[in-house]
Amino acid sequence: MKFYVCIKQVPDVNAPLQIKDGELIQDADRSILNAYDASAVEEALVLKEAHDAEVEVVLAGPEKAKETIRKALAMGADKGTHIVTSGDSNNDSFTYAQMLAAFFKDREYDYISCGKQSQDTDSGLTGSMLAQLLDLPYVTNAVALSYENGSLQVKRQGDAGQEIIALPSPGLVTCSNDMNDPRIPSLKGIMQSKRKPVETIQAEDLGLTDLSPKTKTIGFEEKPGREPGQKFEGEPDEVAQKVARLLDTEESLI
Amino acid sequence: MSTLLTYISVNDGKIKRSSLEVLSRCNQLADNSGQSSAALVIDSKASDYVDQLKSYGPDKIYLIEDPIFKNHLNTPLIRALSLAIEKSDPSVVAFASTEGSKDILGALAANQKTASLADMSEFELTENGVKGKRPVMAAKIIASVEAEGSPVLLTVRSGSYDVIENPSEPEVESLDFSFSDDELQITLKEILGASGDKIDLSEAEAVVAAGRGVKDEEARNMISELASVLNAGIGASRALTEAGDYDPSLQIGQTGKVVAPQLYIAIGISGAIQHVAGMANSKVIVAINKDPDAPIFDIADYGIVGDLYKVLPPFIEEIKKLKN
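Here the structure is a predicted model, which is why all the values come from computation and not from measurement.

Trainee: Hey, could you run me through the overall build of chain B in this one?
Mentor: A tally of helices and strands in chain B yields eight helices and 18 strands. For a compact globule of 324 residues, the expected C-alpha radius of gyration is about 20 Å, and chain B comes in at 21 Å, within 12% of that figure. Seen through its principal axes, chain B has C-alpha atoms that stretch 60 × 40 × 40 Å.

Here is the structure:
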């Protein structure tokens, strides 16, 4: 079984952020493997261990994102491909999906997986766009995967409950970070990753004629902070009563 | 004249309030721009919702009714939406942000070769498309975004707009739709319904949310009691849904549901940014936590520093008294 996992390098949302002249500024060293993609890599590795699968990762991003491919290889992926984009590109979900679709066009695979969204933009569009461009059946927001009777059994979180879906091959699945805790690469894994092959493809060599984004981000602002309100400490009976009454008298919520 | 098309999410005979919020916004934008506002229901019993919808002012209602829509399945839904887009030629197709709409937004955009904007907190029309705002970086930052296209597809976070009642006599058009099971590539084998709590979390006016501090059945019982007294939905942080203490569909945060109720009571929740991303737009936030430095207190309107096991019983008692 051949598994491709699409991964992305993203800024760490836990790191300090600044906005300068409408641009988002962040310490460049705080770029990480998107947590949702890390869960997709982990799940592919679990399937690899149980079913003898081959796991390749593919990343579209600037030169410096190569370190994120190494991270996935150190976790245990067999091979990586880096689609190199120019550093100042305004790629949106659709341009990423187009690049990935062009990459997969002539490849053979059983399943493609990716995170359900990137943790920086939270759009959650690229996975299902890619499925549509490749005309693949797909399932989003997977919270558990297993491989039975020649197809992937996907448990997805829907609005009202969890749906169990059989996804035939070839197919695409997007993963929630609720499905597992991605492994931390071992020292051995890190050493081995240095010898694993990484193929490099320039984005402009993918044969795409129009890579202009369909959406534009025109600026950033800090979210207007909530003013911290009143804080009560003391006897539990008293403070509980006081707050309950305030919710009634001040907010009319009781 | 162009149309703003609102997809109406329904569940068990009820229209989701978040869809009515989006419809109300689209009605307003249509009025201001001289366009028309249309509502679209895709369901196994789509026509059942016409009467409810008439109270919320669309100029037109499109119905696509087929047994296949009894459960959420992405392939037929994308087909039906494509049909509705072809028939109504809209400038905008707007959805409430739900797991159902998130599942198909990207695929529909690729199918229609058009632009899509996910999880908007506000939006307005431009000359050739839409501009608006959406939270990014775990909702710490608001990004201004714009898109051109025909139509522009977008999903809207729940609680972003008010529902405005506005009775109308819309024209109703049913669209012919057929879909054979052979075209379904994926097989839905089973649905595991969310257990217990019947109040839809994303629609609830009040939410009681449990976090790591809620350690045992005694505390979970108090959470249930408080929720029942307030007629509130129950939510939980990721720690508790992962531990299996609460159903995964109750998870609130960047990964789970985004809620914006009138009253949000965070109990034993420290306030990690991933959780706050899912509830920071609540109108009034109450936090109960024994750690005075917990970040949840930075956003809470009313913070109680104390042991939830000692605070909750008198809190529930007092609310009961006030209710009577």
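Trainee: Honestly, helix H2 (residues 66-75) of chain A in this entry has me stumped. Any pointers?
Mentor: Note: α-helices contain 3.6 residues per turn, so residues at a spacing of three or four share the same orientation. Residue and element names in this part refer to chain A. A large share of H2 lies buried, amounting to seven of its 10 residues. For H2, the full list of buried residues reads Thr68, Ile69, Lys71, Ala72, Leu73, Ala74 and Met75. Just past H2, the residue Gly76 takes up positive phi, approximately 140°.

Trainee: Explain the domain arrangement of chain B here, please?
Mentor: When the parts come together, some accessible area is lost, and that loss is often what is quoted as the size of the interface. Residue and element names in this part refer to chain B. Annotation of chain B at the domain level lists domain 1 (3-183) and domain 2 (201-323). Counting residues at the interface gives nine residues for domain 1, matched by 10 residues for domain 2. Along the lines of polarity and charge, the residues of the side of domain 1 that touches domain 2 split into two nonpolar, three polar and four charged.

Trainee: Can you help me understand the sheet that holds strand E1 (residues 3-7) of chain B in this one?
Mentor: Pairing between sheet strands relies on hydrogen bonds along the backbone, with the strands arranged either parallel or antiparallel. All names here are of chain B. On the basis of which strands lie adjacent, the open sheet formed by seven strands has the order E7-E11-E6-E1-E4-E5-E12 and parallel pairing. Each edge of the open sheet carries a strand with a single partner, namely strand E7 (116-120) and strand E12 (171-174). Looking at each pair of strands side by side, their axes are set apart by 20° on average, direction ignored.

Trainee: I tried to follow the interface of chain B and chain A on my own but got confused; where do I start?
Mentor: Taken together, the 76 residues of chain B in the interface contact 72 residues of chain A. Within the residue set of the side of chain B that touches chain A, elements represented by two or more residues are helix H4 (99-112), E7, strand E9 (129-136), strand E10 (141-148), strand E13 (187-193), strand E17 (284-289), strand E18 (302-305) and helix H8 (308-323) of chain B. Per-element accounting of the side of chain B that touches chain A gives the leading share, 11 residues, to H4 of chain B. Tallied by class, the residues present in the side of chain B that touches chain A amount to 41 nonpolar, 20 polar and 15 charged. As defined by bridge partners, strand E15 (residues 230-233) of chain A adjoins E18 of chain B across four bridges and the pair is classed as parallel. Along E18 of chain B, the bridge assignment pairs Glu233 of chain A with Val305 of chain B.

Basis of the calculations
- Residues numbered from 1 in each chain as written.
- Chains lettered and ligands numbered in written order.
- Predicted model: local features only at pLDDT ≥ 70, side-chain atom pairs only at ≥ 80, totals over all residues.
- Helix = DSSP H or I, 4+ residues; strand = E, 2+ residues; numbered from the N terminus.
- Rg over C-alpha atoms; globule rule 2.2 N^0.38 Å.
- Buried ≥ 20, exposed ≤ 12 C-beta atoms within 10 Å, placed from the backbone.
- Domains from an automatic or database assignment.
- Contact = placed C-beta atoms within 7 Å.
- Nonpolar A, V, L, I, M, F, W, Y, C, P; charged D, E, K, R; others polar.
- Pairing = 2+ DSSP bridges.
- Axes fitted to C-alpha atoms, helices over the stretch in contact; angles between N-to-C directions.

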